[in-house]
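Chain by chain, the residues run as shown.
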Amino acid sequence: MNLYFLVEGKTEKKVYPQWLSYLLPGFSRVDAYDQVSKNSYFIISGGGFPSLLDTQLKPSIEEVNESQKYNFLVLCLDSDDESPDAKKTMVHNFIKKNMLKISCELKIIVQNKCMETWFMGNQTVYPRNISENFKPFAEFYNVLNNDPELMSKQADFEESCSIYHYEYLKYMLLEKNIKYSKTRPNDVTREYYLQELQKRILEKPEHLSTLRVFLEFCNNLHKIT
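Cut-offs used in this document
- Position numbers for residues start from 1 in each chain and track the written sequence from start to end.
- Residues qualify for local features only when their pLDDT is at least 70, as the model is predicted, and side-chain atom pairs are given and counted only at 80 or more; totals for whole chains, interfaces and linings, by contrast, use all residues.
- Only heavy atoms go into the side-chain values, all of them from the structure, while hydrogens and water stay out.
- Here a cavity denotes a set of grid points, spaced 1 Å apart and computed over the protein atoms alone, in which a 1.4 Å probe fits but from which it cannot get out, and a pocket denotes an open set meeting protein on both sides within 12 Å along at least five of seven lines; residues with an atom within 4 Å of a point are reported as lining.
- Grid points are joined across faces, edges and corners, and a volume is the space filled by probe spheres set on the points.
- Only DSSP runs of H or I reaching four residues or more are called helices, and only runs of E reaching two or more are called strands; each is numbered from the N terminus.
- The classification used treats Ala, Val, Leu, Ile, Met, Phe, Trp, Tyr, Cys and Pro as nonpolar, Asp, Glu, Lys and Arg as charged, and all other residues, Gly among them, as polar.
- Salt bridges, as used here, are contacts in which a Lys or Arg side-chain nitrogen is within 4 Å of a carboxyl oxygen on Asp or Glu.
- Relative accessibility thresholds used throughout: buried, under 20% of the residue-type maximum; exposed, over 50%; partly exposed, between the two (1.4 Å probe, protein chains only).

**Student:** Hey, could you run me through the layout of surface pockets in this one?
**Tutor:** Over the atoms rolls a probe the size of a water molecule, and its path tells where empty space is left. There is about 310 Å³ of room inside the largest pocket. As for the largest pocket, its lining consists of 19 residues, of which Glu-8, Asp-78, Cys-114, Ser-162 and Lys-182 are closest to the centre. Where the lining of the largest pocket is concerned, the elements lending two or more residues are α1 (10–23), α4 (115–119) and α6 (161–174). For the lining of the largest pocket, the class distribution of residues is five nonpolar, six polar and eight charged. Reported here for the second largest pocket is a volume of approximately 200 Å³. Looking at the second largest pocket, the residues that line it are Leu-23, Gln-198, Ile-201, Leu-202, Arg-212, Leu-215, Glu-216, Cys-218, Asn-219 and His-222. Counting residues per element, the ones that place at least two in the lining of the second largest pocket are α7 (191–203) and α8 (209–224). Element by element, the count of residues in the lining of the second largest pocket is highest for α8, at six residues.

Right under this line is the structure:
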């Protein structure tokens, strides 16, 4: 079983390999797409969106087709201000428009609204004593009790939902003296953090539905490898 991961940005390229080491411990990462053998994966960043579609998807498909050793091309991207279904449709329409053929199964993982949205699901890092810095975020939406994936953004926030969710997470974690940035995600890559997200989904099955898709995908692979 071999997996080719095309992810949206820098954060995903740092987080997914760490998470895969816990979820798929029998898999090994390779440095080049043509080095896969048995239970291997290759991961590459698309450099953001729409670069992931416009620039990187076609070369990635060509590499998968050339190798003939991959079982899945796993595409991981943010929904941002779109719905997850709309983002999937965008990908399928691009593939159809460009008449791209893929020699393995395509698995699309949509991070609704972004990967930081998933990270907000760890209930143990939500502050009980809220400072003035985090107060505007907490008053807008409480991710401790409500599904982080249903949070939008404050009306006066001029940038995208993904950027708002990043700011929310950053200030939320600072309440616990945890520093977070896209280039240094730190604690969110650790096993305890992922376990708390899994616990959230078990306790509140209606929450973090797109994260559940990723976890179930890995769980199914783990069972057959």
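Following the structure, the description resumes.
**Student:** Looking at this structure, I do not really get the pattern of salt bridges. What am I missing?
**Tutor:** Pairs may arise between side chains of opposite charge once their charged atoms sit close together. With the rule as written, the count across this model stands at five salt bridges. A salt bridge links Lys-135 to Glu-139; the shortest N-O distance between them is 3.9 Å. Here Glu-139 and Lys-135 lie together in helix α5 (residues 135–140), a separation of four residues that amounts to about one turn. Of the residues examined, Glu-139 reaches a relative accessible area of 58% and is grouped as exposed. For the salt bridge of Glu-216 with Arg-212, the shortest nitrogen-to-oxygen distance reads 3.8 Å. In this pair, Glu-216 and Arg-212 both sit in helix α8, four residues apart, roughly one turn of the helix. Given the relative accessible area of 23%, Arg-212 is considered partly exposed.

**Student:** How do you make sense of unusual backbone geometry when you look at a structure like this?
**Tutor:** Peptide bonds are trans in most cases, and residues, glycine excluded, mostly fall at negative phi. Look at the link from Phe-49 to Pro-50: it is a cis peptide, with omega at 15°. Examined against the element boundaries, Pro-50 turns out to sit in the loop between β3 (40–45) and α2 (51–67). Phi angles above zero are rare outside glycine, and Asn-39 is one such case at about 50°. With respect to the helices and strands, Asn-39 occurs in the loop between β2 (28–29) and β3.

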